[in-house]
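Spelled out, the chains give:
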Amino acid sequence: MILKVVKQRTEASYEEDLLQMILEGAKSNNGYYGPSTDNSRDKFIVDNCKSIYFAGYETTAITASWSLMLLAAHPEWQARARAEVLEIVGDSLPDANMLRNMKTLTMVIQETLRLYPPVTFVVREALEDITFKDIMIPKGTNMQIPIPILQQHYDLWGPDAHKFNPERFAHGIIGACKTPQAYMPFGVGSRVCAGQHFAMTELKVILSLILSKFCFSLSPAYQHSPAFRLVIVPEHGITLRVRTA
Ligand code: HEM
């Protein structure tokens, strides 16, 4: 399917988008998959499209779901976020400038990603022997960095570490946490999430559109049960009662 779209693209059009960047990358992929042939080029394109699909779909979708659950459970924050959206967007559709100005909604999403980071671990392999503080880490060791534990540690976040309190992000990540590196829903360093700004934009668009049109509360049928799968999911789904705003 991917290659069918690629064929249409190369024959008929040129767009300034992510697929075009991958196609350009495939031209200069320096034989990463062996000698540069049509096959290695196709493999480069298909593998990159799959990575982006797998990295970008479920993570963002589940964050939108947890955000809605938290806004439903905290009507005061739902009202604050809706008031902000209506003030900024009015009757039009949100544009890039408007999204940038949605401070309350950004705080709500940041707090959602702190409490329910979809990716639970980032993994690194020691490529050589390393001494980290007093710990000797031999070459070849795989290290799993547990994001939810870092993001809800009392010593770093204070006594309300487990509570939903978007206000903590009022002065950004630096204001929210004694060690800002401990906030890492998108990872850190050279392999940080390639789609983090796109994901934040998608989330602001989805949530602002829903907030501007609907009020919602948790259904009595909702059973809170976050489950560690590939991403952190609501085991029994999220059921909301929705009415027009
Ligand atoms: C809320 C949504 C998302 C979350 C929480 C998230 C989280 C992460 C995390 C934790 C990593 C690993 C970083 C590391 O190892 O240090 C990662 C990598 C990555 N993400 Fe995301 N992600 C999200 C959305 C997206 C989207 C929308 C895309 C693309 C459209 C995307 C593309 C990628 C790619 C390509 C990588 C690999 C980067 C590399 O290895 O150089 N992600 N993401």
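What counts, and at which threshold
- Residues numbered from 1 in each chain as written.
- Predicted model: local features only at pLDDT ≥ 70, side-chain atom pairs only at ≥ 80, totals over all residues.
- Heavy atoms only, no water.
- Helix = DSSP H or I, 4+ residues; strand = E, 2+ residues; numbered from the N terminus.
- Buried < 20%, exposed > 50% of the residue type's maximum accessible area, 1.4 Å probe, protein only.
- Contact = heavy atoms within 4.5 Å.
- Areas by Shrake-Rupley, 256 points an atom, 1.4 Å probe, with all protein chains shown as cover.
- Lys, Arg positive; Asp, Glu negative; His and termini not counted.
- Charge placed at Lys NZ, Arg CZ, Asp CG, Glu CD.
- Near = heavy atom within 4 Å.
- Polar contact = N/O pair within 3.5 Å; in protein donor to acceptor, adjacent residues only side chain to side chain.
- Nonpolar A, V, L, I, M, F, W, Y, C, P; charged D, E, K, R; others polar.
- UniProt positions renumbered as here; feature names shortened; annotations may be inferred.
- Salt bridge = Lys/Arg side-chain N within 4 Å of Asp/Glu carboxyl O.
- Patch = residues over 30% accessible without salt bridge, like charges linked within 9 Å, V, L, I, M, F, W, Y side chains within 5 Å.
- Pairing = 2+ DSSP bridges.
- pLDDT = per-residue confidence, 0-100.
- Phe/Tyr/Trp six-rings, centres within 6.5 Å; stacked < 30°, edge-to-face > 60°.
- Lys NZ or Arg CZ within 6 Å of the ring centre and 35° of its normal.

A. Region of the structure containing the overall build of the protein. When helices and strands are tallied, the protein shows 10 helices and eight strands. C-alpha atoms of the protein, sized along the principal axes, occupy 60 × 60 × 35 Å. Burial analysis of the protein (245 residues in total) assigns 37% to the buried set. For the protein, restricting intrachain contacts to residue pairs at least 6 apart in sequence, the fraction spanning at least 24 positions comes to 62%. Just so you have it, the protein exposes about 15100 Å², and 58% of that area is on carbon and sulfur atoms. Put simply, the protein has 24 plus and 24 minus side-chain charges, and the middle of one group is 3 Å from the middle of the other.

B. Structural detail: the site of the ligand. The local shell around the ligand holds 22 residues, among which G56, R124, P185, R191 and C193 are the closest. Between a nitrogen atom of the ligand and a main-chain N or O atom of A55, the distance comes to 3.5 Å. Sorting the residues of the shell around the ligand by element identifies helix 3 (38-73), strand 1 (121-125) and helix 10 (196-213) as the ones contributing at least two each. Looking at the shell around the ligand element by element, the count peaks at six residues for helix 3. Split by residue class, the shell around the ligand holds 13 nonpolar, six polar and three charged.

C. Region of interest: the UniProt feature "binding site: heme" (unreviewed entry) in the protein. Under the local residue numbering, the UniProt record ascribes the feature "binding site: heme" (unreviewed entry) to C193. Within the element layout of this structure, C193 appears in the loop between helix 9 (172-176) and helix 10.

D. Molecular detail of the pattern of salt bridges. One pass over the structure, following the stated rule, counts nine salt bridges. A salt bridge links R229 to E235; its shortest N-O distance comes to 3.4 Å. Judged by its relative accessible area of 42%, E235 falls in the partly exposed class. Each member of the salt-bridge network shares a partner with another, and the members are E111, R114, D160 and R168.

E. Quick peek at the side chain of E111. Positionally, E111 belongs in helix 6 (residues 103-115). There is a polar contact of 3.1 Å between the side chain of E111 and the side chain of R168. The contacts of E111, once residues within four sequence positions are left out, are K163, F164, N165, P166, R168 and F169.

F. Highlighting a nonpolar patch on the surface. A grouping of L18, M21 and I52 is seen on the molecular surface, where their side chains present a nonpolar patch of about 300 Å² in accessible area. With respect to the helices and strands, I52 occurs in helix 3. In this structure I52 comes out as partly exposed when scored by relative accessible area, which is 40%.

G. The arrangement of the pairing of strand 8 (residues 240-244) in detail. Strand 8 sits mainly on the outside: zero of its five residues count as buried. With five bridges connecting them, strand 5 (residues 214-218) and strand 8 associate as antiparallel partners. Bridge pairing links F216 to V242 in strand 8.

H. Region of the structure containing the confidence of the model for the protein. Of the residues in the protein, 97% reach a pLDDT of 70 or more, and the chain-wide mean stands at 92. The ipTM value of the predicted complex is 0.98, and its pTM value is 0.92.

I. Region of interest: the packing of aromatic side chains. Inspection of the entire model under this criterion finds six aromatic pairs. The interplanar angle of 5° and the centroid separation of 5.6 Å between the aromatic rings of Y53 and Y57 together place this pair among those described as stacked. Of this pair, Y53 and Y57 both sit in helix 3, four residues apart, which is roughly one turn of the helix. Given the relative accessible area of 47%, Y57 is considered partly exposed. Among the aromatic side chains, those forming a connected cluster through ring pairs are Y53, F54 and Y57. Above the ring of W157, the side-chain terminus of R114 is found at 5.1 Å from the ring centroid.

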